[in-house]
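The residues making up each chain are set out below.
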Amino acid sequence: MVPADVQTLEKALRHRLAAAGPGGAGASGAGRAPCMLRSVLHCDPRAFRPFPAAASPGSSALPEHPWRRAAERHVAWTLMANSPAAEELRTATVDLVGRLGAARDHAAAALQADPWLDPMLALRLMKRIEFLVRRLPADLPPLSPAEAGLLIAVPFLHETLWTALVARATVAHPGGPGPGGRLPGGDDADRAEFENFTRLHPRLLRRIDRTRRTGDTGAAEAIGWWLAHRWVARRPVSYRGPALAGLLVGVDPDTPAGEVFTAGRASALLTAMRADPAHLNRPGQAAVLRDLVTVAPATGDEMTLRERLVGYLVTVGQRMALEPAALPDVIVEHLGVGDPVDLALLGETIRGAQWQHRGRSGRALSARCQHQAVQVALERHTAELDSLLAEAHRAAGEIPALAYLPTHATAEAVRAVEVDGQPVYSSAGAQFRLAEDKVQELLMGEQLYTNRGLAIREFYQNALDACRYRRAREQTAARSRGARRPSPASRRRGRRSHGMERLIVDGDDAMIVTMLRDPRGRYADRPFSRAEILIASHRLRRTPRRIVDRLAELGFAVPARDTFDR
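Every value quoted in this text rests on a predicted model; they were computed, and no experiment measured them.

**Student:** If you had to explain the overall build of the chain to someone new, which residues and values would you point to?
**Tutor:** When you go through the chain residue by residue, the secondary structure sums to 22 helices and seven strands. The burial tally for the chain puts 45% of its 566 residues in the buried class. In the chain, 70% of the contacts between residues at least 6 apart in sequence involve partners at least 24 apart. Looking at the chain as shown, the accessible area adds up to about 30000 Å², and 54% of this sits on carbon and sulfur atoms.

Quick look at the structure:
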């Protein structure tokens, strides 16, 4: 038999050496001392595999799932307190993670077109939790086997559950021939629930229709997949339905693992990971995730479990892992626009992001972004993490271990990607410029005009005014370049005073004409009087002859220039 781990290998070698020693079957002479065996370990002896098993030709054995290997080598096992149930719980946890990996791969096969799916999310979340666990001091109570098992399994349970739920939510899948570009099938109640949810995002629905008409189906489907993810995360049944219980069905309820991995506890932890920063400190949550609970009480496997500590660790880890579909809405709001976000580049930004040390115990997100919306999203997401850390430190009085988490988080190291030494966009004013789409909807929607006819009339008037304003400026510029006196036809056009045919001028011309306006709001057809010219000269601090010359150039009838002294 091939030894499975270092401990088994050491036992086998000692047995062989003992058999070859004095009095053994292989002894070659009396009084000869046996060889000495001393193991020097630089890793966990239970996790290291000295002889990895390889499938033989024609064998149906599948390779070990990467999630299983990651669970076996998790740092939480080395920080765990000794307990009679430790080894059994460790084996059950690793087996559970292996089954979750297979279930996740099966569900992901149906989501090949989903651009929000991140195959490295669970492993990235696990690494963030390992970072947080390493910060826990040695003088505090060590992790119990129950706490270690939950910290290891929950990241993989989180990723598997949401992938499976999105895969099953066929009523929300885009790209099909069904109504609104959705795939046919699914329960009618689910379809109605999803349609009610999408009505909360009218701007995105209009964006989907517009991008489909223009042939940008990639943007339409990306928005559709985002709606599917958000709908699944919003549904209460997602956290306590049969899908979650089905992922835990392989855990024996009569074992310590069955006492730890209950559907209710898993549901509470997964809910906290998607909730707002104040969720775990909110009154009433203490009955769901308690500060201290005894698992398998009054048995030989009894152990403690700090549920709220585990909740904070996995929730902070989830925020630090930068889950694409959980980032702020500004990402999806910049799909299908003139300068869209590239989701493939977003994935590169997330994978390259780092949490650098800042100050005494803070962390600063360092990332290079290809789009302003990505920078704004990361800044808002980091602000939410900062609020979560503040809530965790408020609870440090009841849970002392939380005092060793980072005190704050900033996004001061989030920058634009540089090309040839120049950033691809300017970070200054990104928040304001990215609101253009919302401002446009405010001006074009029914917030200002409940009557659409009035809105269309106002748009027409604005467009007409803009055209006349431009024509007036062009005519003024042409006159300043040469023709000082307008033709009689243009003079007559300038004197028109009815309807929308009023002359539109700017600068000094606007001041002059405004001063000489008729009280009824129209320009006078009659010639301007000498008294009106003198009044305008006094108020505008211009010479009367200069005002007369300018009004004549604009086409107005004016008194003779010689009637004024200067």
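**Student:** Account for the sheet that holds strand β3 (residues 354-358), naming residues and giving values.
**Tutor:** With mixed pairing, three strands are arranged side by side in an open sheet as β3-β4-β5. Sheet topology places β3 and β5 (409-416) at the edges, where each strand pairs with a single neighbour. Going across the sheet, the axis of each strand differs from the next one's by a mean of 30°, ignoring polarity. Judged from the six bridges that link them, strand β4 (residues 362-369) and β5 form a sheet pairing that is parallel. Counted as the bridge partner of alanine 364 is threonine 410 from β5.

**Student:** So what's going on with the packing of helix α4 (residues 121-134) against helix α13 (residues 307-321)? Which residues, and what values?
**Tutor:** It is the contact of α4 with α13, at a shortest axis distance of 8 Å, that shows an interaxial angle of 125°. In terms of axis orientation, α4 runs oblique to α13. Crossing of α4 over α13 shows right-handed handedness. For the pair α4 and α13, the contacting residues are Leu121, Arg124, Leu125, Arg128, Ile129, Phe131 and Leu132 in the first and Leu313, Val314, Val316, Gly317, Gln318, Met320 and Ala321 in the second. When grouped by side-chain class, the residues that make up the contact of α4 with α13 number ten nonpolar, two polar and two charged.

**Student:** Could you give an account of empty space enclosed by the protein, naming the residues involved and the relevant values?
**Tutor:** Evaluation of the coordinates by the stated rule reveals two cavities of 30 Å³ or more. Reported here for the largest cavity is a volume of approximately 100 Å³. Along the walls of the largest cavity sit Trp116, Leu117, Asp118, Leu121, Glu159, Trp162, Thr163, His229, Arg274, Glu323, Pro324 and Ala325, which together make up its complete lining. When residues of the lining of the largest cavity are assigned to their parent elements, the largest contribution, three residues, is made by helix α5 (residues 145-168).

**Student:** Can you break down helix α7 (residues 202-213) residue by residue, with the values?
**Tutor:** When the terminal C-alpha atoms of α7 are compared, their 17 Å separation across twelve residues agrees well with the 16 Å that a helix rising 1.5 Å per residue should span. Looking only at α7, the buried set comprises Leu204, Arg207, Ile208 and Thr211. Viewed along the axis of α7, the buried residues span an arc of 100°, placing them on a single side of the element. Directly beyond the C-terminal end of α7, a positive phi value near 90° is found at glycine 215.

**Student:** Account for the environment of methionine 126, with residues named and values stated.
**Tutor:** With respect to the helices, strands and loops of the structure, methionine 126 is situated in helix α4. You can call methionine 126 buried: its relative accessible area is 6%. Expressed as a C-alpha distance, the spacing of methionine 126 and valine 154, which sit 28 residues apart in the sequence, is 8.9 Å. For methionine 126, the contacting residues outside a window of four places in its chain are Ala70, His74, Pro155 and Phe156.

**Student:** An account of unusual backbone geometry is needed here, citing residue identities and associated values.
**Tutor:** Of note in this structure, alanine 298 is not a glycine but carries a positive phi near 55°. Checked against the element boundaries, alanine 298 lands in the loop between β1 (293-295) and β2 (303-305). With relative accessibility at 76%, the residue alanine 298 sits in the exposed group. Residue leucine 322 is not a glycine yet carries a positive backbone phi of 60°. Summarising the element assignment, leucine 322 is placed in the loop between α13 and α14 (343-352).

**Student:** Now, about the side chain of arginine 308: what can you tell me, with residues and values included?
**Tutor:** With respect to the helices and strands, the residue arginine 308 is situated in helix α13. Ignoring anything within four residues of it in the chain, the contact list for arginine 308 reads Leu280, Asn281, Leu289, Arg290, Asp291, Ala395, Glu398 and Ile399.

**Student:** Can you break down the nonpolar core residue by residue, with the values?
**Tutor:** With 124 residues, the main nonpolar core has Trp116, Phe156, Phe261, Ile331 and Leu378 as its most contacted residues. If you tally residues by element for this core, the top one is α5, at 15 residues. Not counting the four nearest positions on each side in its chain, isoleucine 331 is found in contact with Trp116, Val341, Leu343, Leu346, Ala373, Val374 and Ala377. Residues Phe528, Ile533, Ala536 and Phe556 belong to the second largest nonpolar core, which totals eight residues.

**Student:** Could you give me a rundown of the packing of α13 against helix α15 (residues 372-394), with the residues and numbers involved?
**Tutor:** At a closest axis distance of 10 Å, the pairing of α13 and α15 adopts a crossing angle of 165°. Between α13 and α15, the interaxial angle falls into the category roughly antiparallel. Viewed along their axes, α13 and α15 form a crossing whose handedness is left-handed. In this structure, α13 uses Tyr312, Thr315, Val316, Arg319 and Met320 to contact α15, whose residues at the interface are His381, Glu384, Leu385, Leu388, Leu389, Glu391 and Ala392. Residue classes in the contact of α13 with α15 are distributed as seven nonpolar, two polar and three charged.

**Student:** Talk me through the environment of arginine 368; I want residue IDs and the actual numbers.
**Tutor:** Relative to the elements of secondary structure, arginine 368 occurs in strand β4. When the C-alpha positions of arginine 368 and glycine 352 are compared, they lie 8.0 Å apart, and in sequence the two are 16 residues distant. With residues up to four places along the chain from it excluded, the contact list for arginine 368 reads Thr349, Ala413, Val414, Arg415, Ala416 and Val417. Among the polar contacts listed, one links the side chain of arginine 368 to the backbone oxygen of alanine 413, at a separation of 2.9 Å.

About the criteria used
- Residues numbered from 1 in each chain as written.
- Predicted model: local features only at pLDDT ≥ 70, side-chain atom pairs only at ≥ 80, totals over all residues.
- Heavy atoms only, no water.
- Helix = DSSP H or I, 4+ residues; strand = E, 2+ residues; numbered from the N terminus.
- Buried < 20%, exposed > 50% of the residue type's maximum accessible area, 1.4 Å probe, protein only.
- Contact = heavy atoms within 4.5 Å.
- Areas by Shrake-Rupley, 256 points an atom, 1.4 Å probe, with all protein chains shown as cover.
- Pairing = 2+ DSSP bridges.
- Axes fitted to C-alpha atoms, helices over the stretch in contact; angles between N-to-C directions.
- Parallel < 35°, antiparallel > 145°, perpendicular 65-115°, else oblique.
- Left-handed = near helix turned anticlockwise from the far one by under 90°.
- Nonpolar A, V, L, I, M, F, W, Y, C, P; charged D, E, K, R; others polar.
- 1 Å grid on protein atoms, 1.4 Å probe; cavity = no way out; pocket = protein on both sides within 12 Å on 5 of 7 lines; lining within 4 Å.
- Points joined across faces, edges and corners; volume = space filled by probe spheres on them.
- Expected span 1.5 Å × (residues − 1).
- Arc of directions from axis to C-beta.
- Core = buried A, V, L, I, M, F, W, Y, C linked by side-chain atoms within 4.5 Å.
- Polar contact = N/O pair within 3.5 Å; in protein donor to acceptor, adjacent residues only side chain to side chain.

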